[in-house]
Amino acid sequence: VTRYNIGDKGWVKGYDKIERGIIVEIRCRATKKGLLDVYCDLKIKGYRNLLPCPEEFIFPTKEELLKSL
């Protein structure tokens, strides 16, 4: 189970700025130690490429992101 779904909006610190994006892809992989890595690719307005981001660095609100810094 992931925290976010495709189409959800989230806040991240990327490209040296705080950005809001839409999750367009979710990738999961199991490590040798049995851990699950979850990465989300976000579409950020004004950027050509998607921003890959570990799920734990995506926040539902700008305020929650700012509190984490």
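Residues numbered from 1 in each chain as written. Predicted model: local features only at pLDDT ≥ 70, side-chain atom pairs only at ≥ 80, totals over all residues. Heavy atoms only, no water.

A. Local environment of the overall build of the protein. Along the backbone of the protein there are one helix and four strands. Beginning at the N terminus, the succession of helices and strands in the protein can be written as β-β-β-β-α. For 69 residues, the compact-globule estimate of 2.2 N^0.38 gives 11 Å, and the protein sits close to it at 12 Å. Its C-alpha atoms give the protein principal-axis dimensions of roughly 35 × 30 × 20 Å. By residue count, 29% of the 69 residues in the protein fall in the buried class. (Helix = DSSP H or I, 4+ residues; strand = E, 2+ residues; numbered from the N terminus. Rg over C-alpha atoms; globule rule 2.2 N^0.38 Å. Buried < 20%, exposed > 50% of the residue type's maximum accessible area, 1.4 Å probe, protein only.)

B. Inspection of the sheet that holds strand 1 (residues 9-14) at higher detail. Spatial ordering of the open sheet is given by 1-2-3-4, a layout of four strands whose pairing is antiparallel. Whereas interior strands pair on both sides, the edge strands pair on one side only; in this sheet they are strand 1 and strand 4 (51-54). Averaged over all pairs of adjacent strands, the angle between their axes in this sheet comes to 50°, without regard to strand direction. As defined by bridge partners, strand 1 adjoins strand 2 (residues 17-30) across six bridges and the pair is classed as antiparallel. Note that in strand 2 the partner of V12 across the bridge is E19. (Pairing = 2+ DSSP bridges. Axes fitted to C-alpha atoms, helices over the stretch in contact; angles between N-to-C directions.)

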